[in-house]
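# Analysis of the macromolecular model
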Amino acid sequence: MIIIAIDGPAAAGKGTLAKRLAATLNLPYLDTGLLYRATAKLVLEAGGNPADHETATAAARALTEADAARADLRDMATSKAASQVASIPAVRAALLAYQRAYANANGAVLDGRDIGTVIFPHADVKLFVTASVEARAKRRQAEFIAKGEHIPLADVIADVAARDEADRRRTASPLIPAEDAILIDTTTLNADEAFLRAMEEVKKKQAIFSREKMAPKGTS
Ligand code: CDP
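How each quantity is defined
Residues numbered from 1 in each chain as written. Predicted model: local features only at pLDDT ≥ 70, side-chain atom pairs only at ≥ 80, totals over all residues. Heavy atoms only, no water. Pairing = 2+ DSSP bridges. Helix = DSSP H or I, 4+ residues; strand = E, 2+ residues; numbered from the N terminus. Axes fitted to C-alpha atoms, helices over the stretch in contact; angles between N-to-C directions. Contact = heavy atoms within 4.5 Å. 1 Å grid on protein atoms, 1.4 Å probe; cavity = no way out; pocket = protein on both sides within 12 Å on 5 of 7 lines; lining within 4 Å. Points joined across faces, edges and corners; volume = space filled by probe spheres on them. Nonpolar A, V, L, I, M, F, W, Y, C, P; charged D, E, K, R; others polar. Salt bridge = Lys/Arg side-chain N within 4 Å of Asp/Glu carboxyl O. Buried < 20%, exposed > 50% of the residue type's maximum accessible area, 1.4 Å probe, protein only.

### Quick notes on the sheet that holds strand β1 (residues 3-7)
- Ordered by their spatial adjacency, 5 strands build an open sheet running β2-β3-β1-β4-β5, and the pairing between neighbours is parallel. The sheet is open, and its two borders are formed by β2 (29-31) and β5 (182-185), each paired with just one other strand. Direction aside, neighbouring strands of the sheet carry axes that sit 20 degrees apart on average.
- Pairing geometry for β1 and strand β3 (residues 108-112), over 5 bridges, is parallel. Opposite I4, over in β3, you have V109 as the bridge partner.
- Sheet strands in contact with helix α6 (residues 89-106) are β1, β2 and β3, and its direction is about 155 degrees off that of β3.

Here's what the structure looks like:
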């Protein structure tokens, strides 16, 4: 059973990498951003204020798996509101047990902002995936275009930069690399290269596991 934590700023390529690692290693994958996005969506749809602690916390507590599986959680209004609800400690507390239970069942790849620092400080592999804001915004814009939405690059850059700033500055589980995280900068790496770099780390860990298994008892 292996737990892989992938953290990093907005649109850094965490999801692409996490999905590929999960498929290769036959592990479940949890995109934890969807939990915050779905919480935000519930608040917005009820006409509430995502910055209001009570409203957002009630939404987080009421969240179902179906809410987080919705296909309409990736627009910019929901992204911004997700970052707002995510700064509220009680919202994070309400979503913590689900994330831990999900991965503890069969191992998992999880991506988010605080997986390696708060949710699984003892994760087997911790990756911090980042890239320049321009590279990230261009990728996010391409995702929007693929869905038929043409959003000016300047607007995408503004969204990504504002969320990064809010995610880094908040006091509740700020976006920060875990001390023992491996940094992967995807500014000049394509998806294949980022995957190979991540797999090197996974293989190192697997080699340690198998050495520990082979060692006669009492030798380690
Ligand atoms: O896909 P993208 O990287 O743009 O964002 P996401 O991972 O879906 O996360 C959306 C927002 O949720 C982030 O801007 C964070 O504020 C928040 N989030 C968080 O605080 N903690 C997590 N583990 C995951 C997301």
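Once you've had a look at it, read on.
### Concerning the layout of surface pockets
- Roughly 780 Å³ of internal volume is contained in the largest pocket.
- The wall of the largest pocket is formed by 39 residues, among which A11, K14, G15, R74 and R140 lie closest to the centre.
- Broken down by element, the lining of the largest pocket gets its largest block of residues, 6 residues, from helix α1 (residues 14-25).
- Across the lining of the largest pocket, the residue classes break down as 12 nonpolar, 10 polar and 17 charged.
- Taken as a whole, the second largest pocket holds about 240 Å³ of empty space.

### Brief notes about the pattern of salt bridges
- Across all of its chains, the model carries 16 salt bridges by this definition.
- The partner of R74 in a salt bridge is D31, and the shortest N-O contact between them spans 2.8 Å. You can see R74 sitting in the loop between α4 (65-68) and α5 (76-86) and its partner D31 sitting in strand β2, a full 43 residues away along the chain.
- On the basis of relative accessible area, R74 is assigned to the partly exposed category, the value being 34%.
- On the accessibility criterion, D31 (14% relative accessible area) is buried.
- When the shortest N-O distance is used, the salt bridge between R70 and D72 registers 2.8 Å.
- You can call R70 partly exposed: its relative accessible area is 25%.

### Let's talk about the pairing of β3
- Most of β3 is tucked away: 5 of the 5 residues are buried.
- Neither face of β3 is exposed, since A108, L110 and G112 on one face and V109 and D111 on the opposite face are all buried.
- Across 3 bridges, β2 lies against β3 in parallel orientation. Of the residues in β3, the one forming a bridge with L30 is L110.

In short, shape yes, function no, at least from these values alone.
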